[in-house]
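This is what each chain is made of:
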There are 2 protein chains.
Amino acid sequence: MNNCIAAQSGGPTAAINASLAGVIRGVLDCPEYDHIYGSLNGITGILEERFLDLTETFQDPKTLELLKVTPAMYLGSCRYKLPAPEKDPAVYEAIFRFFEKMEIGAFFYIGGNDSMDTVDKLSAYAKNVQSKVRIIGVPKTIDNDLCVTDHTPGFGSAAKYVASSLLEVFHDTAIYAPKSVTIVEIMGRDAGWLTAASALARNEYCAAPHLIYLPEAAFDTEAFLKDVKSLLETRSSVIVAVSEGIRDKEGNYISASTGAADHFGHSQLSGAGKTLEYLVQERLKVKVRSIELNILQRCGAHIASLTDLEEAFCQGQHGVSLAARGLTGQMVTIQRICSDPYQVSYGSSPVCEIANQVKSVPRELINDAGNDVMPEILSYLRPLIQGEPEIEFEQGIPRYLPVPQLL
Amino acid sequence: MNNCIAAQSGGPTAAINASLAGVIRGVLDCPEYDHIYGSLNGITGILEERFLDLTETFQDPKTLELLKVTPAMYLGSCRYKLPAPEKDPAVYEAIFRFFEKMEIGAFFYIGGNDSMDTVDKLSAYAKNVQSKVRIIGVPKTIDNDLCVTDHTPGFGSAAKYVASSLLEVFHDTAIYAPKSVTIVEIMGRDAGWLTAASALARNEYCAAPHLIYLPEAAFDTEAFLKDVKSLLETRSSVIVAVSEGIRDKEGNYISASTGAADHFGHSQLSGAGKTLEYLVQERLKVKVRSIELNILQRCGAHIASLTDLEEAFCQGQHGVSLAARGLTGQMVTIQRICSDPYQVSYGSSPVCEIANQVKSVPRELINDAGNDVMPEILSYLRPLIQGEPEIEFEQGIPRYLPVPQLL
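One structure accompanies this document, and this report is about it. (Residues numbered from 1 in each chain as written. Chains lettered and ligands numbered in written order. Predicted model: local features only at pLDDT ≥ 70, side-chain atom pairs only at ≥ 80, totals over all residues. Heavy atoms only, no water.)

## Comments concerning the sheet that holds strand E8 (residues 237-243) of chain A
To summarise the sheet geometry, strands pair through backbone hydrogen bonds and adopt either a parallel or an antiparallel arrangement. Residue and element names in this part refer to chain A. Across the sheet, four strands lie side by side as E7-E8-E6-E9; this open sheet has parallel pairing. Of all the strands in the sheet, just strand E7 (211-213) and strand E9 (287-292) have a single pairing partner and so form its edges. Going across the sheet, the axis of each strand differs from the next one's by a mean of 15°, ignoring polarity. Here six bridges tie strand E6 (residues 180-186) to E9, and the two strands are oriented parallel to one another. Bridge pairing in E9 places Val 184 opposite Ile 291. (Pairing = 2+ DSSP bridges. Helix = DSSP H or I, 4+ residues; strand = E, 2+ residues; numbered from the N terminus. Axes fitted to C-alpha atoms, helices over the stretch in contact; angles between N-to-C directions.)

## Focus: the sheet that holds strand E11 (residues 342-350) of chain A
All names here are of chain A. The seven strands are arranged E3-E2-E1-E4-E5-E10-E11 in an open sheet whose pairing can be described as mixed. Sheet topology places strand E3 (51-53) and E11 at the edges, where each strand pairs with a single neighbour. For this sheet, the mean inter-axis angle between neighbouring strands, taken without regard to orientation, is 25°. The pairing of strand E1 (residues 3-8) with strand E4 (residues 104-111) spans six bridges and is classified as parallel. Bridge pairing in E4 places Ala 7 opposite Tyr 109.

## Some thoughts on the relation of the copies chain A and chain B
Overlay of chain A on chain B (RMSD 0.0 Å): rotation 180°, translation along the axis 0.0 Å. Read as a symmetry element, the transformation amounts to a two-fold axis. Looking at the interface residues of chain A, 99% of them are also at the interface in chain B, so both copies use one shared face. (Least-squares fit on C-alpha atoms with pLDDT ≥ 70 in both. Contact = heavy atoms within 4.5 Å.)

## Some thoughts on helix H12 (residues 306-324) of chain A
All names here are of chain A. The terminal C-alpha atoms of H12, which comprises 19 residues, lie 27 Å apart, in line with the 27 Å expected from a rise of 1.5 Å per residue. The opening residue of H12 is Ser 305, an N-cap whose side-chain oxygen sits 3.3 Å from the backbone nitrogen of Thr 307. Looking one or two residues beyond H12, the residue adopting positive phi is Gly 326, at roughly 90°. (Expected span 1.5 Å × (residues − 1). Polar contact = N/O pair within 3.5 Å; in protein donor to acceptor, adjacent residues only side chain to side chain.)

## Brief notes about the packing of aromatic side chains
Residue and element names in this part refer to chain A. Going through the model one piece at a time under the given rule, you end up with 26 aromatic pairs over all chains. On the basis of an interplanar angle of 35° and a centroid distance of 5.3 Å, the ring pair of Phe 107 and Tyr 109 is categorised as tilted. There is no split in this pair, since Phe 107 and Tyr 109 are both buried. Every member of this aromatic cluster is reached through a ring pair, and the members are Tyr 92, Phe 96, Phe 99, Phe 107, Tyr 109 and Tyr 125. (Phe/Tyr/Trp six-rings, centres within 6.5 Å; stacked < 30°, edge-to-face > 60°. Buried < 20%, exposed > 50% of the residue type's maximum accessible area, 1.4 Å probe, protein only.)

## With respect to the interface of chain A and chain B
Facing the 81 residues of chain A at the interface are 80 residues of chain B. Across the interface of chain A and chain B, roughly 6,400 Å² is buried in total on both sides, 60% from carbon and sulfur atoms. Its largest share of buried area at the contact with chain B, chain A owes to A:Glu168, A:Ile175 and A:Ile397, together 11% of the area lost on that side. In this structure, the connection of chain A to chain B is made through two salt bridges. Residue A:Arg298 is joined to B:Asp172 by a salt bridge in which the shortest nitrogen-to-oxygen separation is 2.7 Å. In this assembly, chain A and chain B are joined by 26 residue pairs in polar contact (both at pLDDT 80 or more). Put simply, the parts of the chain that give the side of chain A that touches chain B at least two residues each are helix H7 (155-173), helix H10 (272-284), E9, helix H11 (296-299) and strand E13 (397-398) of chain A. In terms of residues, the side of chain A that touches chain B owes the most to one element, H7(A), which gives twelve residues. Its residues assigned to classes, the side of chain A that touches chain B shows 42 nonpolar, 27 polar and twelve charged. (Buried area = accessible area lost by both parts, 1.4 Å probe. Salt bridge = Lys/Arg side-chain N within 4 Å of Asp/Glu carboxyl O. Nonpolar A, V, L, I, M, F, W, Y, C, P; charged D, E, K, R; others polar.)

Dropping the structure here:
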């Protein structure tokens, strides 16, 4: 027998199950491989021998299609960073003992930066102990901050959610004559790609968001207030998109707060959006609201990007073909051949070149004032949010694949 | 000439433009009426003579279809409460002078409780001055708190957004082994209908939300903590749906906070969700997150309920037929003939029986412990979220009708 095992790790996205579906499809179609197992809660499922046999479950293409559009992680996640092998060899021994017992020929780890670190360590260890198990990384992250690859699965769907929501927020706020400011806080602690995607909400009648602030440009409170004030002179509703990770020029998060306590006596921490809301209220004396898109931007699968889901699926499939060709310690990558018409190809890179690094938005894609993105970024971003998957509704709510009972 | 004028007022919903589309369709189809005008920013547009001629714009049925699915208010809104006629007769004189000048035979006011108060006052005034202008109220509110009518346009779409989001949040939070609590704050200051709709997220594998708190039952902090703690014993992820308007047994909002200040020195007010987040963190020492669905629940037209939009449209049309039949001072109502199969009819009631009253969730539809809804409420709610409108996407984001430039 030559079996495979897949696992998912890190924060959820709307596309990480599409990657898993691609891995499953790849294994089912690959004459070299027999069973495909799924480790529950990432690598910890292997350590605790908690896993599912996915071969039977996903024989029916309809079930696989349903997995593809289901948000978050079918196999569950973990936040477990593998220790260095020299520090804790027992962990590695346990993992490879499990691989041997289950006759595993390839392990597919679907995740972000931390998961690529795991892929890196496991493949290095395999080489050392002359194990033939191939270790392949399949990327995902809504942050789009993985190096080498053009963009990451999960990002396009989150970007589509952000842009669509911003357009709807524009409609919602355009209706009142009295002046108002709306601040929308978007995920991305270090990389501003997702906040930049808010610019995709702009169309022939919607100029919102009117200001965009990314973590990659130092945030200046006074300049921000001046910008908002100036915009309020010509329009009644000003919409600001702001990354949760914005920092001042000393590198301090704008979200930090001190000495605050609610009526239960607990100290409070405000996010960037809330903090700017209070600031605008206090200094500009204008109606202001902040909206935190929160986890909905990563799990809103009902408005996922079809391009994103299809690419995630293809990257999962491609991962299997890499393993079948004998590669290991590689992460699947996507290369952009052309933005218009949009065309990509799939490849791979040694995971050691990718793990533990962050791809930020280049400063030249942000305007000089640091309060908007440059138009060039739109031609990069726009293809990633195209297309809508067919979501079936049951009793008025989206139909997704049930979360496994073991989870 | 015998013209009509429509206006929209109050907070936005995903269906209030569908009501306007129904009024427009009704007028275009009615041989008795000629032009249909739209007053900008509610009744204030009439006072300031700011209006559009909608007749030409919506001759094309496709444009009308696009209006139907566009969120918020095409004509803009206002928060203007008409003074009593004896206190400020000039306002009434100005309105009816405008009606006379524009040869208005009927005025359709699409809105919630406050708008029905305007309809009431205007129709009483018309009677007094023997004006033949017919004044008709067309209801809307995501709060579903208007009396007499079975439910209100806008509620079904918001309910569908809430239920779908809750299901997606369930998927998102089901993935981690460590225990966590997620608190979702839902709109509804006085009426808990929308929070109750979160129960529609439940299906054969999703028991979330595990706790539901409405403003109609007194909120007990200690009982809440006990409930959460007890649930955490048997499951890793607990999801709580909470109305923004929950109050303790003395009637104090749980959202109130005192003495807090952020690092800019401003005092802070936390919503119910945030307040409970801090409480759980402090007392149960467990990972906790709060999510405020915010205005997205009322403007998320990309996941509107088709039933809601169609009923809103029909109620707009029905309003026109009421006026054409010579009725005035009436609000369009919807009566439920049957829940399964779902069947309704349209009627009307004197607006004076509806204005300035609130329909709360009856206490018997909440369980004794006050931490969940009774199953009976689901058969009332479920038909309202059925069906999905066809949303066209352009460049990856929903295509809506542009906001008029005058707005």
